[in-house]
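If you want the building blocks of each chain, they are given just below.
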Amino acid sequence: MNFLDGGDDENDKEKEEEAERERQEAIREAEERRKEKHRKMEEEREKMRQEIRDKYNIKKKEEVVEQAPQEEPNPLMRKKKTPEELAAEAEQEDLDDFTKLKNSIETQVNEIKTQIEGKCSLQ
């Protein structure tokens with residue numbers, strides 16, 4: 001038995017620290033590859049979207065996005081939305097173009113229906 005294992009403990013700690021650094025580096029590289037892959041996929045999708053817009057003469061909606069200086073996004077640390085913000089988002093979804101069109105068509109159909117019912121009388 002060797003009672004002087006002090007040197008081995010330091011070696012083990014150094015090896016563990018090196019392994020941890022390598023693991024962190026591998027994680028970071030994998031994350032960068034994933035982000036690059038998704039960026040390329042989004043570029044391809046945007047090209048396809050633009051081809052469709054060109055084919056059907058659709059104008060792209062210009063979204064004005066105010067970006068505050070962001071640090072590393074962390075989904076666990078994001079700001080929780082208040083009930084008012086959630087209600088506002090739900091209302092915005094309800095007010096999209098297709099919903100507006102659907103509501104206006106339904107209103108027109110109901111008006112025509114009441115006009116027809118008023119002119120027709122069954123005895």
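These figures come from a predicted structure and were not determined experimentally. (Residues numbered from 1 in each chain as written. Predicted model: local features only at pLDDT ≥ 70, side-chain atom pairs only at ≥ 80, totals over all residues. Heavy atoms only, no water.)

(A) Highlighting the overall build of the chain. Helix and strand counts for the chain come out as 3 helices and 0 strands. Ordered by position from N to C terminus, the α and β elements of the chain give α-α-α. Every one of the 123 residues in the chain was classed for burial, and the buried ones make up 1%. Accessible surface, the chain: about 13000 Å² in total, of which carbon and sulfur atoms supply 53%. (Helix = DSSP H or I, 4+ residues; strand = E, 2+ residues; numbered from the N terminus. Buried < 20%, exposed > 50% of the residue type's maximum accessible area, 1.4 Å probe, protein only. Areas by Shrake-Rupley, 256 points an atom, 1.4 Å probe, with all protein chains shown as cover.)

(B) Spatial organisation of a nonpolar patch on the surface. Residues Ile52, Tyr56 and Ile58 make up a contiguous nonpolar surface patch of about 320 Å² in total accessible area. By secondary structure assignment, the location of Tyr56 is in helix H1 (residues 6–56). (Patch = residues over 30% accessible without salt bridge, like charges linked within 9 Å, V, L, I, M, F, W, Y side chains within 5 Å. Salt bridge = Lys/Arg side-chain N within 4 Å of Asp/Glu carboxyl O.)

(C) Quick peek at the pattern of salt bridges. In the structure shown here, the tally under the stated rule is 13 salt bridges. A salt bridge links Glu42 to Arg45; its shortest N-O distance comes to 3.6 Å. Taken together, the residues Glu42 and Arg45, both in helix H1 and 3 residues apart, mark about one turn of the helix. One salt-bridge network, in which partners are shared between bridges, spans Glu42, Arg45, Glu46, Arg49, Arg53 and Lys60.

(D) Structural context of unusual backbone geometry. Its identity is not glycine, yet Asn57 carries a phi of approximately 55°, on the positive side. Overall, the relative accessible area of 69% leaves Asn57 in the exposed class.

(E) Main features of the side chain of Arg53. Summarising the element assignment, Arg53 is placed in helix H1. Those residues in contact with Arg53, other than ones at most four positions away along the chain, are Glu46, Ile58, Lys59 and Lys60. (Contact = heavy atoms within 4.5 Å.)

(F) Region of interest: the confidence of the model for the chain. Considering every residue of the chain, the mean pLDDT works out to 82; 80% of them sit at 70 or more. The weakest mean pLDDT in the chain belongs to helix H2 (residues 83–94) at 78; the strongest belongs to H1 at 92. (pLDDT = per-residue confidence, 0-100.)

(G) Looking closely at a negative patch on the surface. On the surface, Asp8, Asp9, Glu10, Asp12, Glu14, Glu16 and Glu17 cluster together into a negatively charged patch. Assignment of secondary structure puts Glu14 in helix H1. (Lys, Arg positive; Asp, Glu negative; His and termini not counted. Charge placed at Lys NZ, Arg CZ, Asp CG, Glu CD.)

(H) The arrangement of the environment of Arg34 in detail. Summarising the element assignment, Arg34 is placed in helix H1. A distance of 2.6 Å separates polar atoms of two side chains, one belonging to Arg34 and the other to Glu31. (Polar contact = N/O pair within 3.5 Å; in protein donor to acceptor, adjacent residues only side chain to side chain.)

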